[in-house]
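# Per-entry structural report
These are the residues of each chain, in order.
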Amino acid sequence: MLSRRNFIKAGALAACAGLQLEPSRAFAGREPFRLTASAGEVRIESDQQTATRVMYYNQSIPGPVIRIPQGRESLIRFQNRLDEPSTVHWHGLRIDNSMDGVPDVTQAPVMPGGEFEYRLTPPDAGTYWYHSHLRSWYQLAMGLAGVLVVEETDPPKVDRDLVLAIDDWRLDQAMQMDTGSFGSMHDWAHSGRLGNYLTVNGKPETTFEVSSGERVRLRLVNTANARIMNLLLEARQMSIVALDGQPVKPHAPDSGRIRLAPGQRCDLIIDMVESPGHRSPIEVVVGEYAYDVARFSYGPEVRRDQLPDTPIELPDNPANKVRLPADFRHVPMLMQGGAMGGMSSAIYQGREMGLRELIGQNKAWAINGVVDMSDQPLFRVERGTAVSLDIVNDNAWPHAMHIHGHHFVDDRRPGIWRDTTLFERGEKGAMQFVADNPGKWLIHCHMAEHMAAGMVSWFEVV
Ligand code: C2O
Ligand code: CU
């Protein structure tokens, strides 16, 4: 089954997996990790005629997997070699507000040629990601995203630790970014910018070489602007062990399906129980089609005949050990707007505008009748207050709501701590958390175009 080329690849993968068992000391010390944003070119398909023009971190799509230790400070020196300002947001990390990477809220934009040193001391281990937070509807779509892993001090034993950044691109016939449709109000008022080309780790097809008997940890990250990824994995022995970085009771996904909204992550532990030569696809389901985006390919050797009997449960994080009280400060959040949403008007920049006028200003969405961030926060609370954001998704579209600097429980799925949760059209639910991280934090839809078109607000913890 395997060609020679695949054998070479298998060797390389095994070597990497071995290295990853070592904690990444490189970033734990005083020596900062350099993360540089620039514009350049990549070949998404190896036989591609003209390379695709992109923006990337460290000249790679996606950016490098950054591995840092839990509970200790790591320095990341961001250098902006783009010809436009940018910032880096560390999605899901409960870090100091000044390191959150939100332009004009937590820091000044990093200008072309400029630098900013991010100091990250993540209290929680798990799978996170980083991305541009400046005009992210453009910079994220152009490629400015990567995966960040916070290593457990005592991780469950696995043979391989694989990262899968799943993305979609909108490309033209020449494999160039469809730039003409950036800023399309049709996209912004509907589902956001959906791509026509799916990738895993920047490639249309990725083969992960595995061996029978191995135990593999899979870190799935949806880095797309707007597409909800419906994944279908063929694996008989798999358990979800974490969502958005936070440990959950290991459980099998419902008939192999995993639904990941933009910004969400899922950690799986899979026992490779098939025989040498077997291939197990990883598919993205779009409508009635399933696209094969990656696969496990079993090599000829057998790692072990018996499944490992070590536990797969992840150690608790401080985030998922929080106990929510019975009483909350309730904050209603009415989400309105978009095409076919029936919103007639909303306040933008202090003035009431009709939907047509808003569309003329490239705006289409409102939270509690207000478009975009205003001077006043959605709420301001004292540190330690338990907050319940009572959401009514009163429009025709799904939204992936994300809170900065905190994890929360979605009351529709008690006991699971997330930083991003999906509300389908018409759905209601509450995002409940203890506001314990001081500063000004964003709350927004992670469909980048919805955020750009107004579905963003902020709150303050004092
Ligand atoms: Cu992943 Cu405000 O973002
Ligand atoms: Cu949205």
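Residues numbered from 1 in each chain as written. Chains lettered and ligands numbered in written order. Predicted model: local features only at pLDDT ≥ 70, side-chain atom pairs only at ≥ 80, totals over all residues. Heavy atoms only, no water.

### Concerning the overall build of the protein
To keep it simple, the criterion reads: Helix numbering and strand numbering both begin at the N terminus, where a helix is a DSSP run of H or I of at least 4 residues and a strand a DSSP run of E of at least 2. With the radius of gyration taken over C-alpha atoms, the globule rule is written as 2.2 Å times the number of residues to the power 0.38. Here the term buried applies to any residue with accessible area under 20% of the maximum for its type, exposed to any over 50%, and partly exposed to those in between, with areas from a 1.4 Å probe on protein chains only.
Across its full length, the protein carries six helices and 33 strands. At 22 Å, the protein has a C-alpha radius of gyration in line with the 23 Å of a compact globule built from 462 residues. Considered along the principal axes of its C-alpha atoms, the protein spans approximately 70 × 55 × 45 Å. Counting only residues that meet the buried cut, the protein has 60% of its 462 residues in that class.

### A few points about the domain arrangement of the protein
To keep things clear, this is the line we draw: What marks off one domain from the next here is an automatic or database domain assignment. Buried area is understood as the total, over both parts, of accessible area removed when two parts are fitted together, assessed with a 1.4 Å probe. The term salt bridge refers to a pairing of a side-chain nitrogen on Lys or Arg with a carboxyl oxygen on Asp or Glu at a separation within 4 Å. The nonpolar class holds Ala, Val, Leu, Ile, Met, Phe, Trp, Tyr, Cys and Pro. Asp, Glu, Lys and Arg form the charged class, and all remaining residues, Gly among them, are polar.
Under the domain assignment, the protein is made up of domain 1 (4–302) and domain 2 (322–461). For domain 1 versus domain 2, the separation of C-alpha centres amounts to 25 Å. In total, domain 1 and domain 2 occlude about 3,100 Å² of area from one another, counting both sides; carbon and sulfur atoms represent 60% of this. Together, R94, M185 and W188 form the three largest contributors to the area buried by domain 1 at its contact with domain 2, with a combined 19%. Joining domain 1 to domain 2, the criterion identifies three salt bridges. With a closest N to O distance of 2.7 Å, R265 and D419 form a salt bridge. A breakdown of the residues in the side of domain 1 that touches domain 2 according to their chemical character gives 16 nonpolar, 15 polar and seven charged.

### Focus on the sheet that holds strand β19 (residues 289–302)
This is how the line gets drawn: Strands are labelled as partners when DSSP assigns at least two bridges between them. Helix axes are fitted to C-alpha atoms over the stretch in contact, other axes to C-alpha atoms as well, and angles between N-to-C directions run from 0 to 180 degrees.
With mixed pairing, five strands are arranged side by side in an open sheet as β11-β19-β18-β13-β16. With partners counted over all chains shown, the strands left at the sheet margins are β11 (206–212) and β16 (257–260), one partner each. Between one strand axis and the next, the sheet turns by 25° as a mean value, whatever way the strands run. In the sheet, β11 pairs with β19 via six bridges, with the strands oriented parallel. Across the sheet, residue F208 finds its bridge partner in β19, namely F296.

### Remarks on the coordination of the copper ion (ligand 2)
Applicable threshold: Any nitrogen, oxygen or sulfur atom within 2.8 Å of a metal ion counts as a donor, with the limit raised to 3.2 Å for Na, K and Ca, and since water is left out, coordination shells can look unfinished.
Donor atoms from the polypeptide that bind the copper ion (ligand 2) are H399 (ND1), C445 (SG) and H450 (ND1), placed at 2.0 Å. Of note, the copper ion (ligand 2) draws all its donor residues from one chain, in the sequence arrangement H-x45-C-x4-H.

### Here we look at the pattern of salt bridges
Scanning the entire structure with this criterion turns up 33 salt bridges. R227 is paired through a salt bridge with D168; the nearest N and O atoms lie 3.0 Å apart. Placement of the pair is R227 in the loop between β12 (215–222) and β13 (229–233) and D168 in strand β9 (residues 160–169), with a sequence separation of 59 residues. Like D168, R227 is buried. A salt bridge links D267 to R217, with the nearest nitrogen and oxygen atoms 2.8 Å apart. With D267 in strand β17 (residues 265–271) and R217 in strand β12, this residue pair connects regions lying 50 residues apart in the sequence. The exposure class assigned to R217 is buried, which follows from its relative accessible area of 2%. What you see here is one network of salt bridges that share partners, running through R67, E151, E152, D161, R217, R219 and D267.

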